[in-house]
Amino acid sequence: MSDRLSIHDNRTGNKHELDLSYGTHVDAGSAISASDLREIKTSDHDFGVLVHDPGFMNTSACKSSITFIDGNTGTLLYRGYPIEALAEKSTYLEVAYLLLHGELPISSELDEWTTDITNHTFLNEKIKKFLDGFRYDAHPMGILVSALAALSTFYPKSRNVHDQDIRDRSIRRLIAKIPTLAAFAYRYSVGLPYAYPDNDLSYSANFLNMMFRATETKYDADPVLERTLDVCLILHADHEQNCSTSAMRAVGSSDADPYVSVSAATAALYGPLHGGANERVLEMLAEIGNVKNIGHYIDKVKQGEFRLMGFGHRVYKNLDPRAKILKELAEKVFEVTGRNRLLDVAMELEKVALNDEYFVKRKLYPNVDFYSGIIYQAMGIPVEMFPVLFAIARTSGWLSHWEEMRKDPELRIARPRQLYTGYAKRDYVQLASR
Ligand code: SDX
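Residues numbered from 1 in each chain as written. Predicted model: local features only at pLDDT ≥ 70, side-chain atom pairs only at ≥ 80, totals over all residues. Heavy atoms only, no water.

Here the focus is the nonpolar core. Nonpolar side chains in soluble globular proteins tend to end up buried together. With 113 residues, the main nonpolar core has Leu308 and Leu349 as its most contacted residues. Of the residues forming this core, the biggest block, 12 residues, is contributed by helix H6 (residues 164-189). Those residues in contact with Leu349 that lie beyond four places of it in its chain are Met284, Leu285, Ile288, Ile294, Ile298, Leu308, Phe311 and Phe370. (Core = buried A, V, L, I, M, F, W, Y, C linked by side-chain atoms within 4.5 Å. Buried < 20%, exposed > 50% of the residue type's maximum accessible area, 1.4 Å probe, protein only. Helix = DSSP H or I, 4+ residues; strand = E, 2+ residues; numbered from the N terminus. Contact = heavy atoms within 4.5 Å.)

In C-alpha cells:
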C-alpha cells in the first residue's frame, strides 16, 4: 500500500502525488501536508490550492502525543491512560505531572513535584493592589485574564522561552499560583479579605480553603468535596486542540511568555460556547425553573430559538466520557450537600433530550459542562467561578501543549492563509467623484 495520495486535476489533466503521514493508530487518522497542495495550479500565476476550513473542523495544526479523543467511541486518553482510570485512581497534581512529562511519576518524583508546587502558591503582595483597581462586581474571569498577564511582569525572565530551566520554573509557578489568583479574584468580588494558601493542605483542599475559610484558623475541607473537586480538575485538565488550547499555541508560537499565553487561553475559555458553558448551564436550568417547563424549552430549541447549554460537542458524537463520570460523582456530592430543584430539572432535561429525535439525529449529548455546573453549584461554588475552575484545571493542559510546541521541530509562528474574495485592484476615487 503506497503512503501517497494521487490527485487528478481535471482542469489541467495533471496528476499530483502527495505524501501521507499517520497518527499512532488508524483511529487517529492520517494527513497530507497542506503546503503540498500549493503545487496544484492551472498556471504560474495561480497561487495554488489551499485548504479552506472555518473553525478548523478537519485541520491538523500540530502533531501531539498528549491527549487522544475518539468522538465516536467516547474515548479520552491522557498520555494513553483512560480518563476513567485517572478519575478513579489518580490525583490532579499527578495528572498534571503526567500531561507535562508524558509518564506517571514514581513516588520520589511526585513528592518533589507536589512540594515544589505547594511552595509556590503565594502571590507577590503587589498583585492585591492590582486587584483593587477592579469594580466591586467584576467577573472573576475578567480579573483572572488580566491578573495572569500582569503576573508576567513580576517574572520578566519568563520571557526567555528558549531556556528549559526558566520554562520549567514558569510552569510550576503558574500551576501553583492560578488557584490563589482565582480565589483572590473571588474574595475580592464578594468583598471578603483574602484567605492565604495553607501549605498543609492538598491542592484541591487548599483552593477550597482560600475560597471559603472564614474566621477559623484552619480550614477543614469535607473529604467528599475535596475529592470531587480533584476529580473535576482531572476531567478538565486537557482536551487536545480545543479552542483555548489552540489560542495558547497560537500566542505561544510568537515566543510570547507562558503567563500572557495562559492569559490568552483563559480569555478563549471565557466564551460561553467553550469554558463559559457551565455558567450558562446553571442560568439555563434556573430559567427553565421547573420540570414541567422542559417541553416548552425543547420546542424553542427545535425552532432554533434556544441553545441547550451543556449539550453538544465538536468531537464527541457519543456521550462525553467526562459527563458520564461527573453524573456518577454528582450523586455522591448530593448525598453530602442534598439535592436541589435544579438537579431535578437537569436530570429530566437529560432524559428528555436523550430520547428526542432532534438531539439524537444531531448527536447532541450532555457534555462535561452539563454536570460540572450542577456539581459546583451544589458545592456552594458561585456560578461566576465555574469557568475559573475550568481555567485552573486546564492550565496544566495548556502548559503541556505549550511545552510540546516549544520542542516541536515543526514549530512555526501561527499565521493561517485566507481565500480572498474581495475586490481586484482598483483606482482611488476622489470624494467629489463618488
Ligand atoms: C467545551 O473542544 C473541546 O474539547 C471543548 C471542551 C474542552 O474540554 O475543551 O470539551 C469543553 O467547550 C464543551 C462544549 C461547551 N459548550 C456548550 O455546551 C455550548 C452549547 N453547545 C454548542 O454551542 C455546540 O454544541 C458546540 C459549540 C459545543 C459545538 O458546536 P459545533 O461543533 O460547531 O456544532 P454546530 O454549532 O455546527 O451544531 C451542529 C448542529 C446545529 O444544528 P443545525 O444547524 O445542523 O440544524 O447541532 C445544533 C446546531 O444548531 N446544536 C445545538 C447545540 N449544539 C449544536 N442545538 C441545540 N443545543 C445545542 N447545545
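From this point, the discussion proceeds with the structure in view.
As a further point, take the site of the ligand. Looking at the ligand, there are 21 residues lining it, with His239, Arg307, Leu308, His313 and Arg322 nearest. Taking Gly310, its main chain carries an N or O atom lying 2.8 Å from an oxygen atom of the ligand. A distance of 2.9 Å is found between a nitrogen atom of the ligand and a backbone nitrogen or oxygen belonging to Phe311. Taken by itself the ligand offers 1100 Å² of open surface, and the protein chains cover 74% of this. Split into classes, the residues belonging to the shell around the ligand amount to 8 nonpolar, 7 polar and 6 charged. (Near = heavy atom within 4 Å. Polar contact = N/O pair within 3.5 Å; in protein donor to acceptor, adjacent residues only side chain to side chain. Areas by Shrake-Rupley, 256 points an atom, 1.4 Å probe, with all protein chains shown as cover. Nonpolar A, V, L, I, M, F, W, Y, C, P; charged D, E, K, R; others polar.)

Okay, empty space enclosed by the protein next. Inspection of the entire model under this criterion finds 2 cavities of 30 Å³ or more. Of the pockets and cavities examined, the largest cavity occupies roughly 80 Å³. Contributing to the lining of the largest cavity are Leu93, Ile117, Thr118, Thr121, Ala176, Pro179, Asp198, Asn199, Leu201, Ser202, Tyr203 and Asn206. Looking at the lining of the largest cavity, its residues break down into 6 nonpolar, 5 polar and 1 charged. Each residue belonging to the lining of the second largest cavity can be placed in one class, and the counts come to 3 nonpolar, 4 polar and 2 charged. (1 Å grid on protein atoms, 1.4 Å probe; cavity = no way out; pocket = protein on both sides within 12 Å on 5 of 7 lines; lining within 4 Å. Points joined across faces, edges and corners; volume = space filled by probe spheres on them.)

A few words now on the pairing of strand S1 (residues 4-8). When S1 meets strand S2 (residues 15-22), the two strands line up antiparallel, connected through 5 bridges. Within S2, the position partnered with Ile7 by the bridge is His16. The turn linking S1 back onto S2 is made up of 6 residues, and Gly13 within it adopts a positive phi angle of 80°. (Pairing = 2+ DSSP bridges.)

What follows is about the sheet that holds strand S4 (residues 67-70). Backbone hydrogen bonds hold the strands of a sheet together, and the pairing may be parallel or antiparallel. Reading across from one edge, S4-S5-S6 is the order of the 3 strands in this open sheet, with antiparallel pairing throughout. Where the open sheet ends on each side, the last strands, each with one partner, are S4 and strand S6 (81-82). Pairing analysis gives 2 bridges linking strand S5 (residues 75-78) to S6, with the strands arranged antiparallel. Bridge pairing in S6 places Tyr78 opposite Tyr81.

Turning next to the environment of Val224. As for its placement among the helices and strands, Val224 is situated in helix H8 (residues 223-235). Put simply, Val224 and His139 are 85 residues apart on the chain and 28 Å apart in space, counted from C-alpha to C-alpha.

Another aspect to go through is the packing of H6 against helix H7 (residues 203-212). In the contact formed by H6 and H7, the axes pass within 8 Å of each other and the chain directions differ by 20°. Judged by the angle between their axes, H6 and H7 are roughly parallel. As H6 packs across H7, the resulting crossing turns out to be right-handed. Contacts between H6 and H7 involve Ile175, Ile178, Pro179, Thr180, Ala182, Ala183, Tyr186 and Arg187 from the former and Tyr203, Phe207, Met210, Met211 and Phe212 from the latter. The residue inventory of the contact of H6 with H7, partitioned by class, reads 11 nonpolar, 1 polar and 1 charged. (Axes fitted to C-alpha atoms, helices over the stretch in contact; angles between N-to-C directions. Parallel < 35°, antiparallel > 145°, perpendicular 65-115°, else oblique. Left-handed = near helix turned anticlockwise from the far one by under 90°.)

All right, on to the packing of H6 against helix H17 (residues 386-406) then. For the pair H6 and H17, the least separation of the axes is 9 Å and the interaxial angle reads 170°. Considered as vectors, H6 and H17 are oriented roughly antiparallel to each other. Of H17, the residues touching H6 (which contributes Gln164, Arg167, Ile171, Leu174, Ile175, Ile178, Pro179 and Ala182) are Val388, Ala391, Ile392, Thr395, Ser396, Leu399, Trp402, Glu403 and Arg406. Taken together, the residues that form the contact of H6 with H17 break down as 11 nonpolar, 3 polar and 3 charged.

It is worth spelling out the layout of surface pockets at this point. By rolling a water-sized probe across the atoms, one finds the places where empty space is left. Its boundaries defined by the atoms lining it, the second largest pocket holds a volume of some 300 Å³. Surrounding the second largest pocket, 14 residues form its lining, Ala87, Glu88, Ile325, Glu328 and Lys332 being those nearest its centre. Of all the elements in the fold, those that place two or more residues in the lining of the second largest pocket are helix H1 (83-89), H8 and helix H13 (321-337). Looking at the lining of the second largest pocket, the element that brings in the most residues is H13, giving 6 residues. Split by residue class, the lining of the second largest pocket holds 7 nonpolar, 1 polar and 6 charged.

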